[in-house]
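The primary structure of each chain is shown beneath.
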Amino acid sequence: MRPAYDLVVVSNRLPVDYQPGAADSEQWRPSPGGLVTALEPVLRERGGVWVGWPGVADLEVGPFEIDGMPLIPVPLSEQDVERYYEGMANGTLWPLYHDVIVSPEYHRQWWEAYLEVNRRFAEAALAVAAPGATVWVHDYQLQLVPRMLRDARPDLVIGFFNHIPFPAHGLFSQLPWRRQIVEGLLGADVVGFQRTADASNFRRAVQRLTHLRIRGDLIELPQEGREVLARPFPISIDAGAYQELAKRPDIWARAKEIRRELGDPKVVLLGVDRLDYTKGILHRLKAFGELLEDGDLDVADVALVQIAAPSRERVESYKHLREEVEMMVSRVNGDFSSLGRPPITYLHQGYPRDEMVAFYLAADVMLVTALRDGMNLVAKEYVASRVDLHGALVLSEFAGASDELRQAVLVNPHDIDGLKAGILQAARMPPGEQARRMKAMRRRVISHDVQRWSATFLGALSGENRGDG
Ligand code: F6P
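Residues numbered from 1 in each chain as written. Predicted model: local features only at pLDDT ≥ 70, side-chain atom pairs only at ≥ 80, totals over all residues. Heavy atoms only, no water.

Concerning the overall build of the protein
Across its full length, the protein carries 16 helices and 18 strands. Projecting the C-alpha coordinates of the protein onto the three principal axes gives extents of approximately 65 × 50 × 40 Å. A buried classification covers 59% of the 469 residues belonging to the protein. Summarising the internal contacts of the protein: among those between residues at least 6 apart in sequence, 72% fall at separations of at least 24. Of the roughly 18,800 Å² of accessible surface on the protein, a fraction of 49% belongs to carbon and sulfur atoms. Looking at the protein, you have 54 positive and 64 negative side-chain charges, and the mean spots of the two groups are 5 Å apart. (Helix = DSSP H or I, 4+ residues; strand = E, 2+ residues; numbered from the N terminus. Buried < 20%, exposed > 50% of the residue type's maximum accessible area, 1.4 Å probe, protein only. Contact = heavy atoms within 4.5 Å. Areas by Shrake-Rupley, 256 points an atom, 1.4 Å probe, with all protein chains shown as cover. Lys, Arg positive; Asp, Glu negative; His and termini not counted. Charge placed at Lys NZ, Arg CZ, Asp CG, Glu CD.)

Structure representation (structure tokens):
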């Protein structure tokens, strides 16, 4: 018999991805995205189990442990990856929930696969959940799982957290399966969102698609004799871990080395994103190129480092974006480079956390210019890393982090002139002002870290704490 756990986390990906062909010790690598950073500490602390996909199609592996953390792999076939992950999750829901920056596609086959795979995840969670266990389901890939769990096991306490935005009803109502999604989510006791606007968009969808009564944050389900709490729980990072790294002399030495390798410019600008159309990378590069062209920034003084981690590379819109970004990088570099000194250093790679902190410490200006983003943990990682109070953050008002980091230079990335003004303001910000703003932002990130986030969510789930997040 399998062991039973009192806390079960269910997410599309396990915290580690399988690396085919790698040496034994390298077989499992941290998977992409902010979820890992957010949940790993919680699970370790509470001795729970993590249910998710190992990141490679057709891989059959049994339960295993990474550093003492039990993991239950859910296999996906090549066809599941095409229809459920690349299709319904990232070809339909992702663009729809990010305000249709690219057009969502609606295919019935994708929906069937989504239903089927959600059922598989639910079954895997049910197999390891102890009586009365808490099951915490994550993100848009698994919105049907809460209802499946509740129907099978009313004894469970079920939470759902949506890491990405929840769209306004005018957009959500495009979805042919909108009612099933709402009903799926209402299987949970607590449905958490990043921002106040996301939670109210969801409650509005409930209002329009069901006959349920809503009182403040609570949705009443009289036939089931229960209520669903739908409200924001803005996610955060393990701020302490970033601070620790940012105090290490070897990481400072690496930061200095990075600046040296860039030719010791006066101002280093940094962008760190998955290569995703929601992140506003093209808008950022356009603004930077125009600042060089206008002569507001001098190529002898500035360097932009753009880290763009590979993501969803078989999805058409991602392939297209990569081409556009790489074309724009070469155009700006072609126009403004001097020998051995390109204005943009483009890195289509992911990096481990210690190297990321070195990049953050090397950067005078951090550019987070997403067109739409649930939270954006990179913004918070930058702030947590700047123990020296140096640096300025340019932050899109369309990223959830802008609700909390009000002392950033807030920009609308669609407004290229406004974006250019924001970048210049950050690049020219006097040290005193940098320190004042950074101090205030750090206070927020350090006091509202991921430990507080998960404690608040789990508290709300146990009915003890429906506090302010
Ligand atoms: O935060 C949104 C999210 O889709 C996470 O669920 C995921 O971990 C991350 O982005 C990376 O995306 P993917 O798992 O599709 O590579």
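Picking up after the structure, the text goes on.
Points about the pairing of strand E11 (residues 218-221)
Going residue by residue along E11, you find Leu 218 and Glu 220 tucked away on one face and Ile 219 and Leu 221 tucked away on the opposite face as well. Judged from the three bridges that link them, strand E10 (residues 213-215) and E11 form a sheet pairing that is antiparallel. Considered in E11, the bridge of Ile 214 is made with Ile 219. Following E10, the chain reverses through two residues before pairing antiparallel with E11; Gly 216 in that reversal takes a positive phi of roughly 60°. In terms of strand pairing, E11 meets strand E12 (residues 226-232) through four bridges, oriented antiparallel. Within the sheet, the bridge partner assigned to Glu 220 lies in E12 and is Glu 227. Linkage of E11 to E12, two consecutive antiparallel strands, is achieved through a turn of four residues, within which Gly 225 is found at a positive phi near 65°. (Pairing = 2+ DSSP bridges.)

Remarks on unusual backbone geometry
Within the chain, Val 100 stands out as a residue other than glycine whose phi angle is a positive 45°. Following the sequence through the fold, Val 100 ends up in the loop between helix H2 (78-97) and helix H3 (108-126). Judged by relative accessible area, Val 100 falls into the partly exposed class, the value being 28%. Located in the positive-phi region is Arg 312, a residue other than glycine, with phi close to 45°. With respect to the helices and strands, Arg 312 occurs in the loop between strand E14 (302-309) and helix H11 (316-336). For Arg 312, a relative accessible area of 13% corresponds to the buried category.

Re the confidence of the model for the protein
The predicted model of the protein has a mean per-residue pLDDT of 95, with 97% of residues at 70 or higher. Across residues 465-469, confidence stays below pLDDT 50; counting only partners more than four residues off in sequence or on other chains, it has 15 contacts. (pLDDT = per-residue confidence, 0-100.)

Re the nonpolar core
Burial of nonpolar side chains together is a common tendency in soluble globular proteins. The biggest cluster of nonpolar side chains holds 99 residues, and the ones touching the most others in it are Val 8, Phe 121 and Phe 202. With 71 residues, the next largest nonpolar core counts Trp 28, Val 305, Val 357 and Ala 358 among its residues. (Core = buried A, V, L, I, M, F, W, Y, C linked by side-chain atoms within 4.5 Å.)

Examining the sheet that holds strand E16 (residues 365-368)
Adjacent strands of a sheet pair through backbone hydrogen bonds, lying either parallel or antiparallel. Pairing in this open sheet of six strands is parallel, and the strands run E15-E14-E13-E16-E17-E18 from one edge to the other. The open sheet has two edge strands, strand E15 (344-347) and strand E18 (409-411), and neither has a second partner. For this sheet, the mean inter-axis angle between neighbouring strands, taken without regard to orientation, is 20°. Across three bridges, strand E17 (residues 392-396) lies against E18 in parallel orientation. Note that in E18 the partner of Val 394 across the bridge is Val 409. Across the sheet, helix H14 (residues 416-427) touches strand E13 (267-274), E16, E17 and E18, and the angle it forms with E18 is around 170°. (Axes fitted to C-alpha atoms, helices over the stretch in contact; angles between N-to-C directions.)

Some thoughts on the pattern of salt bridges
For the coordinates displayed, the defined rule picks out 38 salt bridges. Glu 86 is the salt-bridge partner of Arg 314, the closest N and O atoms lying 2.8 Å from each other. Of the two residues, Arg 314 sits in the loop between E14 and H11 while Glu 86 sits in helix H2, which places them 228 residues apart along the sequence. Note that Asp 273 is salt-bridged to Arg 284, the shortest N-O span being 2.7 Å. Pair noted here: Asp 273 is in strand E13 and Arg 284 is in helix H10 (residues 281-294), with a separation of eleven residues, a long-range link. For the residue pair Asp 273 and Arg 284, the accessibility class agrees, reading buried in each case. Where salt bridges share partners, they join Arg 147, Arg 150, Asp 151, Asp 189, Glu 224 and Arg 226 into one cluster. (Salt bridge = Lys/Arg side-chain N within 4 Å of Asp/Glu carboxyl O.)

Points about the side chain of His 348
Inspection of the secondary structure puts His 348 in the loop between E15 and helix H12 (353-362). Separated by 3.4 Å, the side chains of His 348 and Arg 322 make a polar contact. Once residues within four sequence positions are removed from consideration, His 348 is found in contact with Leu 275, Ala 308, Pro 310, Glu 313, Arg 322 and Glu 326. (Polar contact = N/O pair within 3.5 Å; in protein donor to acceptor, adjacent residues only side chain to side chain.)

With respect to the sheet that holds strand E4 (residues 49-53)
Taken together, ten strands build an open sheet; the order of strands is E5-E6-E4-E1-E7-E8-E9-E12-E11-E10 and the sheet is mixed. Since the sheet does not close on itself, it has two edges, and those belong to strand E5 (64-66) and E10, each with one partner. The average undirected angle you get between the axes of adjacent strands in this sheet is 25°.

As for the packing of aromatic side chains
Per the counting criterion, the structure on display carries 22 aromatic pairs. Pairing Trp 28 with Phe 64 gives two aromatic rings, centres 4.4 Å apart and planes at 25°, and the pair type is stacked. A residue pair is termed long-range when its members are at least 10 positions apart, and Trp 28 in strand E3 (residues 28-30) and Phe 64 in strand E5 qualify at 36 residues. Each of the two residues, Trp 28 as well as Phe 64, counts as buried. Aromatic ring contacts, followed pair by pair, group Tyr 84, Trp 111, Tyr 114, Phe 121 and Trp 177 into a single cluster. When the ring centre of Phe 233 is taken as origin, the NZ or CZ atom of Arg 231, which lies over that ring, is 4.0 Å away. Sitting above the plane of the Trp 94 ring, Arg 312 keeps its charged end 4.1 Å from the centroid. (Phe/Tyr/Trp six-rings, centres within 6.5 Å; stacked < 30°, edge-to-face > 60°. Lys NZ or Arg CZ within 6 Å of the ring centre and 35° of its normal.)

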